[in-house]
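The lines below spell out each chain.
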Amino acid sequence: MIKIFNSLGKSVQEFIPMDKRHIKIYVCGPTVYDKIHIGNARPLVVFDVFVRLLKKSFEKVTYVRNITDVDDKINKKSIETGIPINELTKQTIKNFHSDCFYLKNIHPDFEPKATDHINEMIEMIKVLIKKNFAYEVSGNVMFRVNKFHDYGLLSNRTLDEMIAGARVDVADYKENSADFTLWKPSSIDLPGWESPWGRGRPGWHIECSAMSKKYLGDEFDIHGGGIDLVFPHHENEIAQSCCANETLKMARYWVHNGYVNIDEKKMSKSGNNFITISDLLQKFNGEALRFFLLQAHYRAPLNYKKAYLNDANSSLSRLYRAVDGLGVEGEPDEEILNSLKNDLNTPKAIARAHYLAESANKGSKEAGQLLKNSSKILGILENDSEKWFKEGANQFFSSTNDNDISPKDIEELIKNRLEAKKSKNYRLADQIRNNLFKKGIILEDHVDGTNWRRS
RNA sequence: GGCCCGAUGGCAGAGGGGUUAUGCAGCGGCCUGCAAAGCCGUUUACAGCGGUUCGAAUCCGCUUCGGGCCUCCA
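What comes next concerns the included structure. Since the structure is predicted, the reported quantities are computational estimates derived from the model, not experimental observations.

1. A few points about the packing of helix 17 (residues 407-422) against helix 18 (residues 426-438)
Okay, so step 1: Between helix 17 and helix 18, the least distance of the axes is 7 Å, while the angle of their chain directions is 160°. Taken as axis vectors, helix 17 and helix 18 run roughly antiparallel relative to one another. Helix 17 and helix 18 meet at a crossing whose hand is left-handed. Where helix 17 abuts helix 18, its residues Ile410, Leu413, Asn416, Arg417, Ala420 and Lys421 lie against Tyr426, Leu428, Ala429, Ile432, Arg433 and Leu436.

Listed below in structure tokens is the structure:
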């Protein structure tokens, strides 16, 4: 039995699928105007583990993660940089995919782009207008918030509170200050599509309603994303989808991950206190970043410090040592699986992984094998241990490092050192070892020879 | 102003009414030429103040501090 915290109801609930033969999950992906940061990576990694767990537990899972490639932030960035929108989004998507690869993400089954689904959005908006849930004012189409009884249910707030706390200038074409945009007009220099309301572009929320409907249906099992999406994004999605499709719920389970903080504050692009994944990948293996993100429970805030990534790397090395030479053969560890099934308790799963590693180091072949077999569900330890220790940070980046030394040269120096050791010239032997250490290479003497690894 | 969340040992971080989390760092030991890695031992923590209880870090209340949402955000 899988249990998960449902934001709709604010409690840990047993996951009961709509159809246990086919699980449907939608996760909000990036708006592609800039490289993603470690905070953006958290949902990518968290929901990746969740999907791995679902795929392990059910015969068929459809995982959809969208790409928002029409948005005012993209327009703004394009004007600022002079890079045409198409090029900007294309390059950003490429970076995003690269980051996902290094973070060891499995591919979503569908990765729909907003610009490929404008027609679906227009159709949905037409339905909303026809059903009187939306209205047009001079090229703007607005959602009539007070027509939807459950508005505010997900984010736990009432319409009165929203209006009372409104900190934005209210556009005069709104019937109600809480009404939100489904469609807005585009001037000729901005991206736009022909519609019954003139040339324009969609509001932010409608894409997820339209695309989840297309790939998963009117109702589906799980909708995920960062906790900052609860309001207004997910609240508005629910309003649109439920009203257009005449359903009671859009998704049965709403799952939200907590923030990554830096200096106790939420990391965000607008806060200008972020650090990108591509920057971190120059220093750290993507798997260490993944491990760092999984060390805390997904709903708790997670503070970022560079030192924590070093710790993550060390912990991961400890685990890799314990599964050296092993391949996946058989089922994952039952306790790791159970921890994940209990509201995705990855810290507990990792604690169990350490226990298995210790047992393996004490000689239990079985423990090491169970740990290796669990790699697929966690998305860590999937690499070959030998490779893990010799690659260090991702090779793609380290190959350009001036300080880099080739494995061949390392082997040569090890040979020289062994000769020195044989003739009891420990001074020379230590000198060789120290010089290598300065280049980030650590030597380990064993009865059957000397191993090296990158620090 | 409204609504919400959190406070665990040097650090990170689970758990959660009575029993060792775990990792990193530190210290002592085994091993080693010395290291590294590994193993053994070790430092007994739950913001403060009240309350409930045989018993509270765990439940309730208040206080303090920190954070978040209400605007784009993962």
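Next comes the rest of the description.
2. Re the environment of lysine 390
Okay, so step 1: Its location among the elements puts lysine 390 in helix 15 (residues 385-391).
Okay, so step 2: On the basis of relative accessibility, which here comes to 19%, the residue lysine 390 falls in the buried class.
Okay, so step 3: Taking the C-alpha atoms as reference points, lysine 390 and isoleucine 23, 367 residues apart in sequence, are found 39 Å from one another.
Okay, so step 4: For lysine 390, the contacting residues outside a window of four places in its chain are Trp452 and Arg454.
Okay, so step 5: A polar side-chain atom of lysine 390 sits 3.1 Å from the main-chain carbonyl oxygen of tryptophan 452.

3. Here's the deal with the packing of helix 10 (residues 306-322) against helix 12 (residues 346-361)
Okay, so step 1: Taken N-terminus to C-terminus, the directions of helix 10 and helix 12 make an angle of 45°; their axes are 9 Å apart at the nearest point. The angle between helix 10 and helix 12 falls in the class oblique. The way helix 10 lies across helix 12 gives a crossing that is left-handed. On the side of helix 10, the interface is formed by Ser315, Arg318, Leu319 and Ala322, while helix 12 contributes Ala353, His354, Ala357, Glu358, Ala360 and Asn361.
Okay, so step 2: In terms of residue class, the contact of helix 10 with helix 12 is made up of 5 nonpolar, 3 polar and 2 charged.

How each quantity is defined
Residues numbered from 1 in each chain as written. Chains lettered and ligands numbered in written order. Predicted model: local features only at pLDDT ≥ 70, side-chain atom pairs only at ≥ 80, totals over all residues. Heavy atoms only, no water. Axes fitted to C-alpha atoms, helices over the stretch in contact; angles between N-to-C directions. Helix = DSSP H or I, 4+ residues; strand = E, 2+ residues; numbered from the N terminus. Parallel < 35°, antiparallel > 145°, perpendicular 65-115°, else oblique. Left-handed = near helix turned anticlockwise from the far one by under 90°. Contact = heavy atoms within 4.5 Å. Buried < 20%, exposed > 50% of the residue type's maximum accessible area, 1.4 Å probe, protein only. Polar contact = N/O pair within 3.5 Å; in protein donor to acceptor, adjacent residues only side chain to side chain. Nonpolar A, V, L, I, M, F, W, Y, C, P; charged D, E, K, R; others polar.

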